[in-house]
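Geometric and topological summary
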Amino acid sequence: MTEPEAKKRIAQIEALQTSFDNRLATLNVDLLALLMESAETILASPKHLGKLLPGWEKRYHVPVLQQFGTDLLTIQTLNQGYFQGAIGEAMGGVQVNQVLFEQVEQRVESLMTDTFGIKPDGEIVSKGLFDLFSQDTTVRRQVQQFAYAQKTSGVGLERFKRNLKQFIVGDPTNPNAPQKGVWSRHYNTVAYDTYQQADRVAQQAFAEGLNMTAFLYLGGTIAGTRLFCRVRDGKVFLRSEIDKFGTAQDTYGGYENKATGFFSGKPKGNYVPFIHAGGWGCRHHYSAISDREAMRRRPDLGRNKKGILQIVENSNDRIEPPIAQPGRKPQKPVNRFGDDFTPATSIAEAKQFALTNKLMNQPGYDELPVEVANQINAGLFKAKKLYGVRPSGVEVVDFPGNYPMQTRVNNLGTYILQVNRKTLGAQADLAATLATFEQAERDLDWIDGTLAGVVSHEIGHMVHYEYLSNNQNKFGDFFAVLRKLRTDKPKFAVGSAYGQGKITEAIAEIYSLFDRDGASALSDQQRKFLNRQLGWKLK
């Protein structure tokens, strides 16, 4: 959650905006082509537009509107990825773990649905903002009014065509004509600010849920950037400072009338600093950053005794209180390689072992330490013999957060083990990483925070997916079942707080315990759970 990561998210949102603007420009041209074909008929009888426009809008405008909705969902996804970096950090005196993150993630999805009227699966909420916007016929009325006005003025056909072209596509070189096309004008205020506001709503909701109070004000400056934004661009602000924007209590400048809190571009009526930022058409974004990053960038910030960021008079007054962690006794080291597995001495040997034993067909180990590759091979070797598990491959990728691994299911229904290059790559400090895992075991209340335990957790996912994939007739569509399992919550203790969030995580955590300590370590409830979810027959 650094400035480069924030700028990357903002650049992606701006790319969505640019693409949408280009589609609007094309929409203007397509509408002009339609009207030019029937210009003589329209001039003689403007009511003819009532027959032309509805069908054209359904064919050409609706796909653009659908793209608009998809973009809003993409902005939500970009923020989910951005805030993954908060996991493992101490924010406002609270340690952010996976369970808390997923709880906040669900609240953000609900808020975005309520605010913009579109659900994560793309369903439009009846009478919500997006539904009302989709039913808006403003452009149709404007074109009809223009045609009637032209007919009333008595212009000839050629003059009508020239005027029609200016009205529909705009003419930036003519001060007496619209500068932009009719669809661009219509969307200009609503769509542009909606892109920015969607990002701000998501940022605010994630930050509040994760106890984050420091934000970067980013967007850069151009020739037309208002003074209000120039003063703030690139600076770090506490939420308490942002709440004073647009008031006489704000200690920053950029105002035309500081006594009343008025600045150029400030919306009339209810101005909400976190939503409206620099006002209409503002291109700036708020990007939450970690407490550590905020203190690094602003020496006048420090934590109080409760671990909450505040302004301190002197950097020497900073307090770094210990963050409370749930107490757990460290597990004793366990030989998870097994007596029938011989660790490789090089990555080349580890790759060959994976191929020879058909553990996968893409052992992407070149960027991993041999210790990591061996642990993956050992886990897969055992799981393949017992449960037939064989993922399609291993990938070393860059995750937005610090978590070590994840199992990805691709469109073919096969699964891939993805390893975090930052934490487990060959260039990483493996000893420090393993110590971090053990700390995470206490922070996230994992069953087993050793490297073997992390690998075993992911293999637990694979065992689960393998069973679902082989029993599609019983369970129905594999992906539909998987989506449901990912959102259902287990109704019993699974031995770790991390496993309480979703059924898929519960299975992975119980498997990790089973793999390490055997069936005798499981409760009757846990054995019944695995028997039901994985088709096992544990007693």
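One structure accompanies this document, and this report is about it. (Residues numbered from 1 in each chain as written. Predicted model: local features only at pLDDT ≥ 70, side-chain atom pairs only at ≥ 80, totals over all residues. Heavy atoms only, no water.)

**Examining the overall build of the protein chain**
Scanning the protein chain for helices and strands turns up 21 helices and 10 strands. Looking at the protein chain residue by residue over its 539 residues, the buried ones come to 51%. In the protein chain, once contacts between residues fewer than 6 apart in sequence are set aside, the share between residues at least 24 apart is 61%. Surface exposure of the protein chain reaches about 25700 Å², of which carbon and sulfur atoms provide 51%. (Helix = DSSP H or I, 4+ residues; strand = E, 2+ residues; numbered from the N terminus. Buried < 20%, exposed > 50% of the residue type's maximum accessible area, 1.4 Å probe, protein only. Contact = heavy atoms within 4.5 Å. Areas by Shrake-Rupley, 256 points an atom, 1.4 Å probe, with all protein chains shown as cover.)

**Focus on the environment of Val409**
Along the polypeptide, Val409 turns up in strand β9 (residues 405-409). Classification of Val409 as buried rests on a relative accessible area of 16%. Separated by 18 residues in sequence, Val409 and Pro391 place their C-alpha atoms 9.5 Å apart.

**Looking at the pattern of salt bridges**
Evaluated as defined, the whole model comprises 19 salt bridges. For Arg297, the salt bridge is made with Glu3, and the minimal N-O distance between the two is 2.8 Å. In this pair, Arg297 sits in helix α12 (residues 291-297) while Glu3 sits in helix α1 (residues 3-37), placing the two residues 294 residues apart along the sequence. A relative accessible area of 27% places Arg297 in the partly exposed class. (Salt bridge = Lys/Arg side-chain N within 4 Å of Asp/Glu carboxyl O.)

**Considering the sheet that holds strand β4 (residues 236-238)**
Ordered by their spatial adjacency, three strands build an open sheet running β4-β3-β5, and the pairing between neighbours is antiparallel. Across the chains shown, the open sheet's two edge strands, defined by having one partner strand only, are β4 and β5 (285-289). Within the sheet, the average angular offset between the axes of one strand and its neighbour, ignoring direction, is 40°. Relative to β4, strand β3 (residues 214-218) is paired through three bridges, and the arrangement is antiparallel. For Phe215, the partnering residue across the bridge sits in β4 and is Phe237. Its contacts with the sheet put α1 on β3 and β5, and the angle it makes with β5 is roughly 145°. (Pairing = 2+ DSSP bridges. Axes fitted to C-alpha atoms, helices over the stretch in contact; angles between N-to-C directions.)

**Regarding the nonpolar core**
Ranked by size, the top nonpolar core spans 88 residues in total, and within it Leu31, Leu35 and Leu210 carry the most contacts. For this core, the element with the highest residue contribution is helix α3 (residues 49-83), accounting for 13 residues. When near neighbours in sequence (up to four residues on either side) are disregarded, Leu31 contacts Leu53, Trp56, Val143, Ile168, Val182 and Trp183. One finds Met360, Tyr415, Leu485 and Tyr511 within the second-largest nonpolar core, a separate group that totals 50 residues. (Core = buried A, V, L, I, M, F, W, Y, C linked by side-chain atoms within 4.5 Å.)

**A closer look at unusual backbone geometry**
In the Ramachandran plot, Asn211 falls in the positive-phi region, its phi being about 65° despite a non-glycine side chain. Inspection of the secondary structure puts Asn211 in the loop between α8 (182-209) and β3. Residue class for Asn211 comes out partly exposed when judged on its relative accessible area of 29%. At Lys358, a residue that is not glycine, the phi angle is positive and equals roughly 55°. Tracing the chain through its elements places Lys358 in the loop between α13 (347-356) and α14 (370-387). Exposure remark for Lys358: the relative accessible area of 55% places this residue in the exposed category.

**Focus on the pairing of β3**
Counting buried positions along β3 gives five out of five residues, so the element sits mostly inside the fold. Bridge count for β3 against β5 is five bridges, and the pairing is antiparallel. From the neighbouring strand, Leu216 faces β5, where its bridge partner is Ser287.

**Concerning the state of the cysteines**
This structure, assessed with the given rule, holds zero disulfides. Of all cysteine sulfurs in the structure, the one in Cys282 sits closest to Cys229, which takes part in no disulfide; the separation is 3.8 Å. (Disulfide = S-S within 2.5 Å.)

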